[in-house]
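Okay, here's what each chain looks like letter by letter:
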Amino acid sequence: MIYVGIDVAKDKHDCCILDDEGRKLYPVFTISNDKVGFDELFSRIEEVTSDKTEIKVGLEATGHYSNNLLASLVDKGFPTVVINPLHTNLYRKGLSLRKTKTDKVDASSIAMMLMTDRTLKPYSEISYHKEELKSLTRYRFDKVHERSKLKSSLARLVNILFPELEKLVPSLHLNSIYTLLEELPGADYIAGCHLTHLKKLLESSSKGRYSRDKAIEIRNAAIDSIGTPMDAKSMELRHTIHLIWILSEEIEEIEASIKAIMDEMQSPIMTIPGISYRMGAMILAEVGDFARFDNADKILAYAGLSPSTYQSGQLDSSHSHMEKRGSRYLRYALFNATKFVCKWDESFGIYLGRKISEGKHYNVAVSHAAKKLIRTIYRMELTGQAYSPS
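A.B. asks: Which residues make up the overall build of the chain, and what values do they have?
C.D. replies: When helices and strands are tallied, the chain shows 16 helices and seven strands. Counting across all 390 residues of the chain, residues that qualify as buried make up 43%. Summed over all atoms, the accessible surface of the chain reaches about 20700 Å², with 51% contributed by carbon and sulfur.

Next up, the structure:
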């Protein structure tokens with residue numbers, strides 16, 4: 001076997017090629033992050049052997065810096081392992097007591113890991129093809145987070161400009177309220193608005209839900225409001241609402257793309273009651289190829305949902321915290337999907353209730369249900385069978 005360790009960086013990559021006895025077939029060399037560099041790497045590997053089944057390439061998961069190189073390796077047919085940087089860091093520290101870290105040392109460490117750790121499995125075509133889904137789900141996650149911050153800013157601004165409004169409507173985050181505040185950003189604007197125009201504005205934006213009585217109620221509250229008239233804050237409120245509208249449109253477009261991919265995949269995960277396109281897509285995208293995990297517990301560890309273990313001498317911790325070391329996106333998706341599954345599926349609901357009755361905190365009980373859920377998903381994805389409560 002030939003083991004190729006690659007330390008990925010922005011503009012260049014350091015590479016180490018070992019034989020099955022750990023000898024370096026070349027001094028550690030550096031390639032540029034472009035086609036010329038990639039071709040140099042491929043030619044050096046093929047000089048050693050043309051049998052791709054005798055080659056194992058490894059690189060760290062370093063975000064977008066590794067995407068192009070990983071895609072080229074997969075397209076060329078090289079079996080490639082993507083390794084958690086935490087794993088390589090611990091491995092490198094275990095090789096020596098000296099505090100040594102360079103790109104060339106990292107490349108050598110990755111190659112040694114490939115040679116000694118038989119649990120590392122190559123990145124499959126299934127994982128590679130799910131990269132687009134992963135990109136979309138993470139992009140949506142970031143957009144939703146960005147919109148949430150804007151919504152918090154909107155609530156803060158309303159509390160300055162028209163604090164009474166929040167008690168008059170079910171939520172500030174309704175399209176009808178956004179339309180109202182975008183045109184009349186403050187109590188003084190609403191108080192000075194003609195009642196007929198205010199009524200039409202509320203009626204049209206709420207699709208008839210808000211009538212003349214609601215318009216009178218809001219205007220009277222605006223007249224007696226303690227809100228502070230501030231042009232700067234009113235402008236900020238208008239801009240904030242405008243950005244929320246834009247982000248909402250973008251999120252809808254992203255979700256439409258996610259739905260199209262999920263419909264094409266026809267994954268059995270969508271047959272589980274309570275799992276939506278959004279959470280289902282995020283789980284599938286973050287896990288990638290389920291076959292690369294020997295069992296469901298390894299997916300739990302990958303998500304950081306496994307309990308940490310601490311035992312030393314006679315001390316054995318009985319209150320272990322969740323590791324939270326894996327994919328935060330997968331952890332988020334599993335935890336939130338579990339809440340909905342427990343609500344819509346009777347067997348999961350009973351299981352959650354039993355854990356709560358044992359005295360466990362709600363979040364701890366949900367984490368137990370999440371373990372049950374991922375074991376169910378793991379079995380379904382490997383067999384292709386739809387969900388059955390039994």
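So that's the structure; there's more coming.
A.B. asks: An account of the nonpolar core is needed here, citing residue identities and associated values.
C.D. replies: Among the nonpolar cores identified, the biggest contains 45 residues, and Ile272, Ile283 and Ile377 are the most heavily contacted of them. Every element with two or more residues in this core is listed here: helix 6 (131-161), helix 11 (231-265), helix 12 (277-287), helix 13 (296-303), helix 14 (328-344), helix 15 (346-357) and helix 16 (362-383). Per-element tally for this core: the top contributor is helix 16, with nine residues. Setting aside chain neighbours within four positions, we find Ile283 in contact with Ile269, Leu330, Ala333, Leu334, Ala337 and Ile377.

A.B. asks: Outline the state of the cysteines, supporting the account with residue identities and numerical values.
C.D. replies: Going through the model one piece at a time under the given rule, you end up with zero disulfides. Not part of a disulfide, Cys15 finds its nearest cysteine sulfur in Cys16, a span of 9.0 Å. On the basis of relative accessibility, which here comes to 0%, the residue Cys15 falls in the buried class.

A.B. asks: Quick one: what's the story with the packing of helix 13 against helix 14, residue by residue and with numbers?
C.D. replies: Relative to each other, helix 13 and helix 14 sit at 115 degrees, their axes nearing to 8 Å. Accordingly, the angle class assigned to the pair helix 13 and helix 14 is roughly perpendicular. Listed contacts from helix 14 to Ile299, Tyr302 and Ala303 of helix 13 are Leu330, Arg331 and Leu334. Looking at the contact of helix 13 with helix 14 residue by residue, the class counts come to five nonpolar, no polar and one charged.

A.B. asks: Quick one: what's the story with the pattern of salt bridges, residue by residue and with numbers?
C.D. replies: Scanning the entire structure with this criterion turns up 19 salt bridges. Across the pair Glu203 and Lys199 runs a salt bridge whose closest N-O atoms are separated by 3.3 Å. Of the two residues, Glu203 and Lys199 are both situated in helix 9 (residues 195-205); the distance of four residues between them amounts to about one turn of the helix. Take Lys199: its relative accessible area is 23%, and that puts it in the partly exposed class. Between Lys233 and Glu236 there is a salt bridge; the shortest N-O distance is 3.8 Å. Taken together, the residues Lys233 and Glu236, both in helix 11 and three residues apart, mark about one turn of the helix. Judged by its relative accessible area of 30%, Glu236 is partly exposed.

A.B. asks: For the pairing of strand 2 (residues 12-18), give the residues involved together with the corresponding values.
C.D. replies: Across the seven residues of strand 2, six count as buried, placing the element largely inside the fold. Note that strand 1 (residues 2-8) and strand 2 share six bridges and pair antiparallel. Pairing of Tyr3 across the sheet is with Leu18, part of strand 2. Where strand 1 hands over to strand 2, the hairpin turn is made up of three residues, counted between the paired strands.

A.B. asks: So what's going on with the sheet that holds strand 3 (residues 29-32)? Residues and values would help.
C.D. replies: As summarised here, the arrangement of the five strands in space is 3-2-1-4-5, forming an open sheet in which the pairing is mixed. Only two strands of the sheet have a single partner each, and these edge strands are strand 3 and strand 5 (80-83). With strand direction ignored, the average angle separating the axes of adjacent strands in the sheet is 25 degrees. Pairing of strand 4 (residues 55-60) with strand 5 involves four bridges; the strand directions are parallel. Its bridge partner being in strand 5, Val57 is matched across the sheet by Thr80. Contacts from helix 1 (residues 35-48) reach strand 1, strand 2, strand 3 and strand 4 within the one sheet, and its direction differs from that of strand 3 by about 135 degrees.

A.B. asks: Account for the environment of Ile244, with residues named and values stated.
C.D. replies: Looking at the secondary structure, you find Ile244 in helix 11. Taking the relative accessible area as the measure of exposure, Ile244 reaches 2% and is therefore buried.

Thresholds, definitions, all that
- Residues numbered from 1 in each chain as written.
- Predicted model: local features only at pLDDT ≥ 70, side-chain atom pairs only at ≥ 80, totals over all residues.
- Heavy atoms only, no water.
- Helix = DSSP H or I, 4+ residues; strand = E, 2+ residues; numbered from the N terminus.
- Buried < 20%, exposed > 50% of the residue type's maximum accessible area, 1.4 Å probe, protein only.
- Areas by Shrake-Rupley, 256 points an atom, 1.4 Å probe, with all protein chains shown as cover.
- Core = buried A, V, L, I, M, F, W, Y, C linked by side-chain atoms within 4.5 Å.
- Contact = heavy atoms within 4.5 Å.
- Disulfide = S-S within 2.5 Å.
- Axes fitted to C-alpha atoms, helices over the stretch in contact; angles between N-to-C directions.
- Parallel < 35°, antiparallel > 145°, perpendicular 65-115°, else oblique.
- Nonpolar A, V, L, I, M, F, W, Y, C, P; charged D, E, K, R; others polar.
- Salt bridge = Lys/Arg side-chain N within 4 Å of Asp/Glu carboxyl O.
- Pairing = 2+ DSSP bridges.

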